[in-house]
Amino acid sequence: MRLIDITQLAKSLKASFSSITEWKEVRISEGIKTELTQIIPALNKLDNHTGTISTGGGNLTIFPYQYFLISVLIKPLATIMRDYKLLLDDLLVECRNNNIELAKVIFKKCAGEIDPAVTAFDALIAQPNYANANVDLLVKLLTDEEYRLKAKTIANYNGGQYKMRGSEDFFGSFFLQVINVPNASSAILGDMIFILSENPTLYNKLCDELRPSLPFILKDRTLNNFIYFCLLNLNADSKIDFLLQYLLPNTDPKYYSIEKGDKRLTSIFWCFDHLATRDELQQGSKVRCFEEPLFIQGENYFYLSTEWANTGSSRLDYENFKEIFNEIYDSFFSIQFDSGAFFLLPTNTNKKIAAVENILTAKLVSIKTKPFIILAGLSGTGKSRLVRTLAYLFNNIPIDKKEGKNPPSNFQLIKVKPNWHDSSELLGYESRISGKDRFVATDFIRFIVKAWQHPDTPFFLCLDEMNLAPVEQYFAEYLSSVETRRVNAGKIKTDALISGKLITKYADKVNGVDPFYELWTELELFDTEIQNDMKANGLGLPSNLVVMGTVNMDETTHSFSRKVLDRAMTIEMNDINLSEGLVVDIDDWSYPLEPLDKELVLSEKTQGAEVFAELEETGSEIIKYLETINEKLEGSPFKIAYRVRDEFLLFAFNFSLLKTKPEDWKNSVLDEMTLMKILPRIEGDEDKTKLLDDLIIIFQENNLPKSLNKATEMANRRRISHYTSFWS
């Protein structure tokens, strides 16, 4: 964490607030309302457009939701000020541990006095652990009235004693100066902004929901500042990585450029392995970069160039920046120049692309490629929670959202039991206990029937701890049926899980069926068209059904046969990483204003032959790669066949359709699919798995970092225990 000078940003935001003359009336989704009440205990009620909050002493204040809009606009500054507050809180602890009265230090520094407390404090912040924090800026905020925009002081002196004001109150007061709101009437707004800054995940969600109601996010007449503030906004929104995926070093590694297609921002960043001095940022006699690093990667500090022009032809030209920015961020923001000012504008973020925040696009492509997913990992990594989260995000059933249904209708959790050795617990069974035939339906069957009734909504079935019993035994019919997925008359059809003959028997109450038994009531199906189709063709898998099984690999569970692994996409979830894994690190069980597009996870293609021609040379490259792999797997039980080939091609095709993808997306395809479809098959002793050494060389040659890391881990485990598998 390194503090940033907020002078120019605060000035720009203050001007922005002054130029907005009308704030739209807004609504907030029920899910975010619930989360807001959890982080702001004083909230009593949140209505359609206003909230009620306790202000102490039994008093209540009604505030408009425009307060949340203001919070959205000020977010980049709030995010920076959160770092100031975190550093202050840390210093308060250190001062107490070293018997330093920080309030006294602040008073003395304001007066320009030196005494033992000031000397001790200066020695404290000179320690190595504060070397890169830019503590001087924090001291400036505490002691310089102009720098903090004449907000409240944090240090008080009364009755011969020095006292510190609460840091939340101090920082809340600061925000009110930027937005020109009097402390006396609206301290609640400052507090609200600060609390949101300490809950960045919720803050991001609130911004995505409300940002389209703002006329603009940023306005500045100076191009250099505008570019800088745009990137600060991306940092605050955790979205700058979308741009940095196009970051490349120049021949001279001191400089980095952004390259996307035929557009280039040459030497947009200067890079140092240390904090650069002012002299190092100069060329000739002029400083050519902003003097604080915009971001830090590992041990490298990246400084944004100030050499921008608006001529249409310079190496760092506004037009190139605008085109690159608008292509990457069109689902969130756009930029434009109008009436002598540069604007960062909001776009409708409700229909999010899959690369947003919580779920990496490549992993959703896995679901689109094959709607049978194995989520493997240690207990507690959020596997079953993720499946429910996906159901909320894709839910397109109006009554669910209206009634706040929890869980949503398009989610079903089924807990696998160790004694399952046939499919009756899932597919149901015929019972003659009463002397008459009845069909005992299950939650699994009812869920499938429900999915048939809502074809535009993805339905997510979670088989929790699916390997507590042998999967190929209790799930045999599904494993067979999912392999029959074919496009017929524009729709994906499968073989039946339950025959039409059996459904007709119970629907028409023939052949000894209990006359009081009602099949359609049991199945909760009252659409006569679907009823007739099931009587004729049986109950097959609907194209909008996604089955996701959670797996904890330990001594209490069963391993997977290659029959199961061949039919599934395996995603390992031992590492919780919001930017790279299919993991949601929050309790995101709320309905978005607009559901995610079903096309993100539902496909219209099921066979490699349907996409091979459209992939052109990429398809041939994939086949060549798989042939190389199979040469090394020759003679082993791990050799791959047509099913895996087709899934590689389908994954590549679906990936190619993404709006936002890395330049080296073909490598990403090979890497992701190798990790999901080839390495999980490999298991055994030293003789069986020595082929890993050959695969490691192939992965190195093809630049497949994830597969290389996993294969190396497997090989190391083999050397230690003389046995290895994919499952760690």
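In this report, we go over the structure that sits alongside the text.

About the thresholds
Residues numbered from 1 in each chain as written. Predicted model: local features only at pLDDT ≥ 70, side-chain atom pairs only at ≥ 80, totals over all residues. Heavy atoms only, no water. Helix = DSSP H or I, 4+ residues; strand = E, 2+ residues; numbered from the N terminus. Rg over C-alpha atoms; globule rule 2.2 N^0.38 Å. Buried < 20%, exposed > 50% of the residue type's maximum accessible area, 1.4 Å probe, protein only. Contact = heavy atoms within 4.5 Å. Areas by Shrake-Rupley, 256 points an atom, 1.4 Å probe, with all protein chains shown as cover. Lys, Arg positive; Asp, Glu negative; His and termini not counted. Charge placed at Lys NZ, Arg CZ, Asp CG, Glu CD. Phe/Tyr/Trp six-rings, centres within 6.5 Å; stacked < 30°, edge-to-face > 60°. Lys NZ or Arg CZ within 6 Å of the ring centre and 35° of its normal. Core = buried A, V, L, I, M, F, W, Y, C linked by side-chain atoms within 4.5 Å. Pairing = 2+ DSSP bridges. Axes fitted to C-alpha atoms, helices over the stretch in contact; angles between N-to-C directions. Salt bridge = Lys/Arg side-chain N within 4 Å of Asp/Glu carboxyl O. Parallel < 35°, antiparallel > 145°, perpendicular 65-115°, else oblique. Left-handed = near helix turned anticlockwise from the far one by under 90°. Nonpolar A, V, L, I, M, F, W, Y, C, P; charged D, E, K, R; others polar.

Time to look at the overall build of the protein chain. A count of helical and extended segments in the protein chain gives 31 helices and 28 strands. For a compact globule of 728 residues, the expected C-alpha radius of gyration is about 27 Å, and the protein chain comes in at 30 Å, within 12% of that figure. Dimensions of the protein chain along its principal axes, counting C-alpha atoms only, are 95 × 65 × 55 Å. Among the 728 residues that make up the protein chain, the fraction classed as buried is 54%. The contacts of the protein chain with a sequence gap of at least 6 include a subset with a gap of at least 24, amounting to 69%. Of the accessible surface of the protein chain, which amounts to about 31900 Å², a share of 47% is contributed by carbon and sulfur atoms. Once the 82 positive and 101 negative side-chain charges of the protein chain are each reduced to a mean point, those two points are 3 Å apart.

Quick look at the packing of aromatic side chains now. Each aromatic ring pair is specified by the distance between its two centres and by the angle formed by the two planes. Within the structure shown, the criterion is met by 42 aromatic pairs. With a centroid separation of 4.4 Å and an interplanar angle of 15 degrees, the aromatic rings of Tyr228 and Phe290 are classed as stacked. Remark: Phe290 occurs in the loop between strand 11 (286-287) and strand 12 (295-297) and Tyr228 occurs in helix 11 (residues 223-236); sequence separation between them is 62 residues. As far as burial versus exposure is concerned, Tyr228 and Phe290 are alike and both buried. Here the aromatic residues Phe242, Trp308, Phe321, Phe325, Tyr329, Phe332 and Phe333 are joined through ring pairs into a cluster of three or more. The aromatic ring of Phe332 is capped on one face by Lys239, whose charged end is 4.8 Å from the ring centroid. If you follow Lys710 out to its NZ or CZ, it ends over the ring of Phe726, 4.7 Å from the centre.

Below, the discussion takes up the nonpolar core. Counting residues in hydrophobic clusters, the biggest one holds 121 residues, and the most contacted among them are Leu36, Phe63, Ile74, Leu77, Tyr84 and Phe269. Ranked by residue count, the leading element in this core is helix 4 (residues 75-97), at 10 residues. In contact with Leu36, not counting residues within four places along its chain, are Ile28, Leu43, Leu46, Phe68, Leu196 and Leu202. The next biggest cluster of nonpolar side chains, apart from the first, holds 113 residues, and it includes Ile373, Met573, Phe653 and Met714.

Next up on the list: the sheet that holds strand 12. Sheet architecture is open: five strands sit in the order 7-8-9-13-12, paired in antiparallel fashion. At either end of the open sheet lies a strand with only one pairing partner, and these are strand 7 (247-249) and strand 12. On average, each strand axis in the sheet is tilted by 40 degrees relative to the strand beside it, whichever way the strands run. As paired elements, strand 8 (residues 255-260) and strand 9 (residues 263-272) share five bridges and run antiparallel to each other. Across the sheet, Lys260 pairs through a bridge with Lys263, a residue of strand 9. Its contacts with the sheet place helix 13 (residues 318-328) against strand 8 and strand 9, and it is angled at close to 90 degrees to strand 9.

All right, on to the pairing of strand 5 (residues 161-164) then. Within a regular strand, the side chains alternate between the two sheet faces. Where strand 4 (residues 155-158) lies against strand 5, four bridges are found, and the strand directions are antiparallel. Bridge assignment links Asn158 to a residue of strand 5, and that residue is Gln161.

Here we come to helix 5 (residues 102-110). A turn of α-helix holds 3.6 residues, and therefore any two residues three or four places apart point the same way. Looking only at helix 5, the buried set comprises Leu102, Ala103, Val105, Ile106 and Lys108. Those residues of helix 5 that are buried lie in contact with helix 4, helix 6 (116-125), helix 7 (135-143), strand 4 and strand 5. One or two positions beyond helix 5, positive phi appears at Gly112, with a value near 75 degrees.

As enumerated under the stated definition, the model contains 48 salt bridges in all. Between Arg432 and Asp437 there is a salt bridge, with the nearest N and O atoms lying 2.9 Å from each other. Among the ionic pairs, Lys639 bridges to Glu634, the shortest N-O distance being 2.7 Å. With relative accessibility at 36%, the residue Lys639 sits in the partly exposed group. If you follow the salt bridges from partner to partner, you end up with Lys370, Glu483, Asp566, Arg643, Glu647, Lys677 and Arg681 in one network.

Attention now moves to the sheet that holds strand 17 (residues 411-415). Strand order in the open sheet made by the five strands is 17-20-25-16-26, with parallel pairing throughout. What marks the edges here is a single partner per strand, and that holds for strand 17 and strand 26 (569-572). Sheet twist, expressed as the mean angle between neighbouring strand axes with direction ignored, is 20 degrees. Bridge count for strand 17 against strand 20 (residues 459-464) is five bridges, and the pairing is parallel. Of the residues in strand 20, the one forming a bridge with Phe411 is Phe460. The strands touched by helix 15 (residues 383-394) within the sheet are strand 16 (372-376), strand 17, strand 20 and strand 25 (545-551), with strand 20 carrying the most contacts at an inclination of about 170 degrees. Here helix 18 (residues 443-453) sits on the sheet and contacts strand 17, strand 20 and strand 25; the angle it forms with strand 20, its principal contact strand, is near 165 degrees.

Okay, the side chain of Lys85 next. For Lys85, the position within the fold is in helix 4. Residue Lys85 is classed as buried on the basis of its relative accessible area of 5%. Aside from chain neighbours lying at most four places away, what touches Lys85 is Ser167, Glu168, Phe171, Phe194 and Glu198.

Moving on, we come to helix 3 (residues 66-73). By the criterion of burial, helix 3 is predominantly enclosed, with eight of the eight residues buried. Listed as buried for helix 3 are Gln66, Tyr67, Phe68, Leu69, Ile70, Ser71, Val72 and Leu73.

Let us look at unusual backbone geometry. Each neighbour pair has its own omega, and for Asn406 with Pro407 the value is 0 degrees, a cis peptide bond. If you trace the backbone, Pro407 turns up in the loop between helix 16 (398-403) and strand 17. Phi is positive for Glu465, close to 50 degrees, though the residue is something other than glycine. Within the fold, Glu465 resides in the loop between strand 20 and helix 19 (471-474). Notably, Asn703 is not glycine yet its phi reads approximately 55 degrees, a positive angle. Overall, Asn703 belongs to the partly exposed group, its relative accessible area being 49%.

The subject of this paragraph is the packing of helix 26 (residues 617-633) against helix 30 (residues 692-701). One can describe the packing of helix 26 onto helix 30 by two numbers: an axis separation of 9 Å at closest approach and a directional angle of 160 degrees. Classed by the angle they form, the pair helix 26 and helix 30 counts as roughly antiparallel. Helix 30 is crossed by helix 26, and the crossing has right-handed handedness. Counted together, Tyr625, Thr628, Ile629, Lys632 and Leu633 of helix 26 and Asp694, Leu695, Ile698 and Phe699 of helix 30 form the full contact between these two elements. Its residues assigned to classes, the contact of helix 26 with helix 30 comprises six nonpolar, one polar and two charged.

What follows is about the side chain of Arg567. Here Arg567 shows up in helix 24 (residues 562-567). The contacts of Arg567, once residues within four sequence positions are left out, are Lys370, Phe372, Leu479, Glu483, Arg643 and Lys677.

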